[in-house]
Amino acid sequence: MASSTVRPEDQDRIDEHDVARRLLDSSAKLSYDPVTEVDWDTPLDKDFHGASPEWSTLYGTAYWNELTDAQRKELTRQEAASVASTGIWFEMILQQMVLRDIYTTDATDPRFQWALTEIADECRHSIMFARGAAKLGAPAYRPRRAVVELGRAFKTFAFGEAAYAAILVAEEVLDVMQRDWMRDERVAPFVRTINNIHVVEESRHMKFARDETRKRLRNAGPLRRQINAFVIAVASYYIVTSMVNREVYANAGLDTRRALAEAAANEHHKSLMRSSCSGLMEFLASARLLTRPALALYKRAHLI
């Protein structure tokens, strides 16, 4: 008589397929086309912020208190554009890592099909962010050259849990701030729409990244966890510290040297970053990816 018992590895595969199918179903029911959903035609109204002012790197500083309302709004518009540009940079890294990961996998597998769906989402998001930054009147902000080259190496060599956990960190940090921005009526309406689209669609990406990270770590030994925990922390550090380009201050008409000094000492912003990452840090701890060297980098980036 045949046994009805399902082997653990087969059950894991069934569960993974079920998750991918649910994500595909969700994408089919709730996805957006930024070309038609976002109001690109109405001219920029400079009476609005580009992001919730509380998320500005200068909010709560002496310099912030000296700025006019118009200067504060211009600063948040430049900062929002910088965050969007950093998002484009990392989404391009993400797409290449995911494509490499599924290169030789079964095309009939729902996980393969979901991965391509995620890449399609990211392509639309990058175009949306690019158009949004242009409408905010900002240049194409880019990370420092050294960080760009580190990203080039990371996208080429990162695999497994290192790739998916780094994807998760980038998406989680953006998700928290954008949830605030999309509800804030002080923020330009088209920016709120962009944030809403990104939050809805990235929630599926984060689910997949968490599941993939757990799966890849299932049989990982201590040395592998130590190495990948550090790689993930390094990637996270440079992603977070690249979000607001130093050029935003000059482009907002501010004294760059003073703005950088006050932003670096801004305890309000550091506290906001730490509180927004509490759920992410809990996940990394549960995956045993908060090693001592990794913790040092997360603390330096004010994520914990």
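Only a predicted model underlies this, so the values are computations on that prediction, with no experimental measurement involved.

1. Structural notes on the overall build of the chain
In step 1: Check the secondary structure of the chain and you find 14 helices and zero strands.
In step 2: Counting helices and strands in the order they occur from the N terminus, the chain gives α-α-α-α-α-α-α-α-α-α-α-α-α-α.
In step 3: Taken over C-alpha atoms, the radius of gyration comes to 20 Å for the chain, in line with the 19 Å a tight globule of 304 residues would show.
In step 4: Counting only C-alpha atoms and orienting by the principal axes, one finds that the chain spans roughly 80 × 45 × 30 Å.
In step 5: Sorting the 304 residues of the chain into buried and exposed places 52% on the buried side.
In step 6: Considering only residue pairs separated by 6 or more positions, the chain has 83% of its internal contacts joining residues 24 or more positions apart.
In step 7: Just so you have it, the chain exposes about 14,700 Å², and 55% of that area is on carbon and sulfur atoms.
In step 8: For the chain, the separation between the mean place of its 41 positive charges and that of its 42 negative charges on side chains is 5 Å.

2. Quick look at the packing of aromatic side chains
In step 1: Throughout the structure, instances matching the rule amount to five aromatic pairs.
In step 2: Geometrically, the ring pair formed by Trp114 and Phe208 is edge-to-face, given 6.2 Å between the ring centres and 70° between the ring planes. Taken together, the positions of Trp114 in helix 5 (residues 110-135) and Phe208 in helix 8 (residues 189-216) put the pair 94 residues apart, joining distant regions of the chain.
In step 3: Where Tyr164 meets Phe208, the ring centres are 6.0 Å apart and the plane angle is 80°; that geometry is what we call edge-to-face. In this pair, Tyr164 is assigned in helix 7 (residues 160-183) and Phe208 in helix 8, connecting sequence segments 44 residues apart.
In step 4: Connected via pairs of aromatic rings, a cluster forms that spans Trp114, Tyr164 and Phe208.
In step 5: A cation sits over an aromatic face here: Arg210 above Phe283, 4.8 Å from the ring centre.
In step 6: When the ring centre of Tyr63 is taken as origin, the NZ or CZ atom of Arg258, which lies over that ring, is 4.3 Å away.

3. Some points on the nonpolar core
In step 1: Grouped together as the largest cluster of nonpolar side chains are 89 residues, with contacts concentrated most on Leu58 and Leu75.
In step 2: Leu58 has contacts with Tyr63, Trp64, Leu75, Glu79, Tyr249, Leu254, Ala259, Glu262, Ala263 and Asn266, leaving out every residue within four places of it along the chain.

4. A look at unusual backbone geometry
In step 1: Here Arg288, not a glycine, exhibits a phi torsion of approximately 60°, which is positive.
In step 2: Take Arg288: it is sitting in the loop between helix 13 (278-286) and helix 14 (292-300).
In step 3: If you check the backbone angles, His302 has positive phi at about 65° while not being a glycine.
In step 4: The topology assignment puts His302 in the segment after helix 14.

5. What about the environment of Arg214?
In step 1: Here Arg214 is to be found in helix 8.
In step 2: You can call Arg214 partly exposed: its relative accessible area is 44%.
In step 3: The spatial distance from the C-alpha of Arg214 to the C-alpha of Phe283 is 9.7 Å, given a sequence separation of 69 residues.

6. So, the packing of helix 9 (residues 222-241) against helix 14
In step 1: The geometry of helix 9 relative to helix 14 is characterised by a closest axis approach of 8 Å and an angle of 10° between their N-to-C directions. One element, helix 9, and the other, helix 14, form an angle in the roughly parallel class. Touching Ala229, Phe230, Ile232, Ala233, Val234, Ser236 and Tyr237 of helix 9 are Pro293, Ala294, Leu297, Tyr298 and Arg300, all from helix 14.

7. Quick word on the pattern of salt bridges
In step 1: Going through the model one piece at a time under the given rule, you end up with 21 salt bridges.
In step 2: The salt bridge partner of Arg186 is Asp184, with a shortest N-O separation of 2.7 Å.
In step 3: You can call Arg186 partly exposed: its relative accessible area is 37%.
In step 4: For Asp184, a relative accessible area of 9% gives the class buried.
In step 5: One network of salt bridges, with partners in common, ties together Asp101, Arg111, Glu212, Lys215 and Arg216.

8. Overview of helix 11 (residues 256-264)
In step 1: The set of residues buried in helix 11 consists of Ala259, Glu262 and Ala263. For helix 11, the arc enclosing every buried residue in end-on projection is 100°, short of the 170-degree limit, so these residues lie on one face. When the buried face of helix 11 is taken as reference, the exposed residues oriented beyond 90 degrees from it are Arg257 and Ala264.
In step 2: Among the structural elements, helix 3 (62-66) and helix 10 (247-251) are those in contact with the buried residues of helix 11.
In step 3: Near the N-terminus of helix 11, the side chain that reaches the backbone nitrogen of Arg257, with its oxygen 3.1 Å away, is that of Asp255.

Quick notes on the rules
- Residues numbered from 1 in each chain as written.
- Predicted model: local features only at pLDDT ≥ 70, side-chain atom pairs only at ≥ 80, totals over all residues.
- Heavy atoms only, no water.
- Helix = DSSP H or I, 4+ residues; strand = E, 2+ residues; numbered from the N terminus.
- Rg over C-alpha atoms; globule rule 2.2 N^0.38 Å.
- Buried < 20%, exposed > 50% of the residue type's maximum accessible area, 1.4 Å probe, protein only.
- Contact = heavy atoms within 4.5 Å.
- Areas by Shrake-Rupley, 256 points an atom, 1.4 Å probe, with all protein chains shown as cover.
- Lys, Arg positive; Asp, Glu negative; His and termini not counted.
- Charge placed at Lys NZ, Arg CZ, Asp CG, Glu CD.
- Phe/Tyr/Trp six-rings, centres within 6.5 Å; stacked < 30°, edge-to-face > 60°.
- Lys NZ or Arg CZ within 6 Å of the ring centre and 35° of its normal.
- Core = buried A, V, L, I, M, F, W, Y, C linked by side-chain atoms within 4.5 Å.
- Axes fitted to C-alpha atoms, helices over the stretch in contact; angles between N-to-C directions.
- Parallel < 35°, antiparallel > 145°, perpendicular 65-115°, else oblique.
- Salt bridge = Lys/Arg side-chain N within 4 Å of Asp/Glu carboxyl O.
- Arc of directions from axis to C-beta.
- Polar contact = N/O pair within 3.5 Å; in protein donor to acceptor, adjacent residues only side chain to side chain.

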